[in-house]
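# Topology and contacts: notes
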Amino acid sequence: MSTPQQASNPERRVDLDWVRILAFGLLIFYHVGMLYVSWGFHIKSEHRLTLLEPVMLVLNPWRLSLLFLVSGVASRFMLRKVRLVAFVRARSMRLLIPLIFGMLVIVPPQSYLQIVESLGYPAGFADYYLHHYLAFSAQFCPNPCIVQPTWNHLWFVVYLWVYTMALAGVLSLWPTAADRIGDKLAAALTGPWLLLPCLLFAAWRLFLSPIFPSTHALFGDWYNHADYATAFLIGFLLARQDRVWHDIERQRWVALALGAACFTAFILIYAGWFPRSLMLRWFAGSVYGCYQWIAMVAVLGFARRHLTADGPVRRYLTDAIFPYYIVHQTAIIMIAHALRGSDLSAGSEAAIVIAGTALTCLVGYEIARRIGWLRPLFGLRMEPRSTAGIAQQQPA
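Residues numbered from 1 in each chain as written. Predicted model: local features only at pLDDT ≥ 70, side-chain atom pairs only at ≥ 80, totals over all residues. Heavy atoms only, no water.

## What about the nonpolar core?
Phe68, Leu69 and Tyr325 are the most contacted members of the largest nonpolar core, which totals 113 residues. Ranked by the residues each element gives to this core, the list is headed by helix 14 (residues 278–306), at 12 residues. Setting aside chain neighbours within four positions, we find Leu69 in contact with Ala231, Phe232, Ile234, Gly235, Trp245, Trp293, Met296 and Leu300. (Core = buried A, V, L, I, M, F, W, Y, C linked by side-chain atoms within 4.5 Å. Buried < 20%, exposed > 50% of the residue type's maximum accessible area, 1.4 Å probe, protein only. Helix = DSSP H or I, 4+ residues; strand = E, 2+ residues; numbered from the N terminus. Contact = heavy atoms within 4.5 Å.)

## Some thoughts on the pattern of salt bridges
Counted according to the given criterion, the structure contains 11 salt bridges. Across the pair Arg76 and Asp179 runs a salt bridge whose closest N-O atoms are separated by 2.7 Å. Of this pair, Arg76 sits in helix 4 (residues 63–79) while Asp179 is found in helix 9 (residues 177–188), placing the two residues 103 residues apart along the sequence. Relative accessible area serves as the criterion here: at 38%, Asp179 is assigned to the partly exposed category. (Salt bridge = Lys/Arg side-chain N within 4 Å of Asp/Glu carboxyl O.)

## Remarks on unusual backbone geometry
In this chain, Cys141 is followed by Pro142 through a cis amide linkage whose omega measures 5°. Following the sequence through the fold, Pro142 ends up in the loop between strand 1 (137–139) and strand 2 (146–148). Across the junction of Gln148 and Pro149, the peptide omega takes the value 0°, indicating a cis bond. Along the chain, Pro149 turns up in the loop between strand 2 and helix 8 (155–173). If you check the backbone angles, Cys145 has positive phi at about 55° while not being a glycine. Along the chain, Cys145 turns up in the loop between strand 1 and strand 2. On the basis of relative accessible area, Cys145 is assigned to the partly exposed category, the value being 35%. Although it is not a glycine, Asn152 sits at a positive phi angle of roughly 45°. Here Asn152 lies in the loop between strand 2 and helix 8. Since its relative accessible area comes to 13%, Asn152 is described here as buried.

## With respect to the side chain of Ser111
One can find Ser111 in helix 6 (residues 108–119). Residue classification places Ser111 among the buried residues on the basis of a relative accessible area of 0%. Residues in contact with Ser111, not counting those within four places in the same chain, are Tyr128, Tyr133, Gln148, Thr150 and Asn152.

## As for the environment of Val14
Here Val14 is to be found in helix 2 (residues 14–33). Along the primary structure Val14 and Thr318 are separated by 304 residues, whereas in three dimensions their C-alpha atoms are 9.8 Å apart.

## Concerning helix 12 (residues 242–250)
Looking only at helix 12, the buried set comprises Val244, Trp245, Asp247, Ile248 and Glu249. Its buried side turned inward, helix 12 meets helix 2, helix 4, helix 9, helix 11 (222–238), helix 13 (252–270) and helix 14.

## Some details on the state of the cysteines
Per the stated rule, a full pass over the model turns up one disulfide. Residue pairing for Cys141: its cysteine sulfur links by disulfide to Cys145, the two sulfurs lying 2.0 Å apart. Judged by the sign of its S-S torsion, about 65°, the bond between Cys141 and Cys145 is right-handed. Sulfur of Cys290: no disulfide; nearest cysteine sulfur belongs to Cys198 and is 3.3 Å away. Using a relative accessible area of 15% as the deciding quantity, one classes Cys290 as buried. (Disulfide = S-S within 2.5 Å.)

## Remarks on a nonpolar patch on the surface
A cluster of nonpolar side chains, contributed by Leu359, Leu362, Val363, Ile367, Ile371 and Trp373, occupies part of the molecular surface with about 560 Å² of accessible area. Within the secondary structure, Trp373 sits in the loop between helix 16 (346–370) and helix 17 (390–393). (Patch = residues over 30% accessible without salt bridge, like charges linked within 9 Å, V, L, I, M, F, W, Y side chains within 5 Å. Areas by Shrake-Rupley, 256 points an atom, 1.4 Å probe, with all protein chains shown as cover.)

## Topic: the environment of Ala178
Mapped onto the secondary structure, Ala178 falls in helix 9. For Ala178, a relative accessible area of 8% corresponds to the buried category. Once the C-alpha coordinates of Ala178 and Thr215 are considered, the two residues, 37 residues apart in sequence, prove to be 30 Å apart. In contact with Ala178, not counting residues within four places along its chain, are Arg76, Leu171, Phe236 and Leu237.

## Digging into the packing of helix 4 against helix 14
In the contact formed by helix 4 and helix 14, the axes pass within 10 Å of each other and the chain directions differ by 60°. One finds that helix 4 runs oblique with respect to helix 14. Considering how the two elements wind past one another, helix 4 and helix 14 form a crossing that is right-handed. When helix 4 is examined against helix 14, the residues Ser65, Leu66 and Leu69 are found in contact with a partner set consisting of Gln292, Trp293, Met296, Val299 and Leu300. A class-by-class count of the residues in the contact of helix 4 with helix 14 yields six nonpolar, two polar and no charged. (Axes fitted to C-alpha atoms, helices over the stretch in contact; angles between N-to-C directions. Parallel < 35°, antiparallel > 145°, perpendicular 65-115°, else oblique. Left-handed = near helix turned anticlockwise from the far one by under 90°. Nonpolar A, V, L, I, M, F, W, Y, C, P; charged D, E, K, R; others polar.)

Here it is as structure tokens:
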């Protein structure tokens, strides 16, 4: 059952604040892990720890979809407090200003160090920035062929803004759409039918993923759009459907067990335990898609049950986590590059990267929140607020 705190104020979702904080916080560890696994990343460590891949695959299918779902919930609550025009203006300022600032200031060192490590680029950062990064074209083709300027990890901000504007456009034409469709969706997801959306995520995985591989380039990235927009829309439509949230909490253990089963099946196929076939590929895509939704249900259910404590830590991190997100990947790449050739063990190197990134995020946020003109550049309001819930503070 929901806590008294949440029941007394249904539009203050402390549990979803914590979900968002923890999901963004995991990005530091996940992107540090990307230095060591066999998957592509902007730069790579000299060490390879492929055993990390199954651990990261536990998170990979659902961590970003979950953030879009929580953002959809936040958008619905915000629209209860402001008019649609004010909502569009506020979201655009909170998302586009940090995006532009990030692309011009925060992201360029990532691209520069990628070029240095992959191609041995001999000139300094200023030369690269003026002659290549601001070229507004594809550079250094065919390898790595980066379209610059770029948004790198800030693609999340771009996609969230696009979905928000598309939603606002629909609501401007059909103001009652959220209530009408949300009521019907909630009625369809009663009891065990709560797991029904896994069919959508499985369909996207089966039919779109093979044709449209993930690029985060906005145009042509149709698998990711189907995946993330679905999660965002589900969050928006179900935000005020208390019965569904009660079912999510009640079925958390069932979701956890089913999610574990789906992930186990997927990882065994991923590891090559079975001979490859068309049927096996379809089965793998199905369990992967189902795992996405079921894992989100499990996380949301346990969060609703247990992550209900409020206080200064929650309030601080709710405000800080978006600036942390803006800064973290640049910090990871710069610190990892500085440690290259240091002959450190993988564990020592990773510990330094994690600690250095966390410290950079902390110092960066503390500086940004104290200087008025810096605040909007990092997604913060011009005037700090002492307390706010997810419906009031969430910048992304």
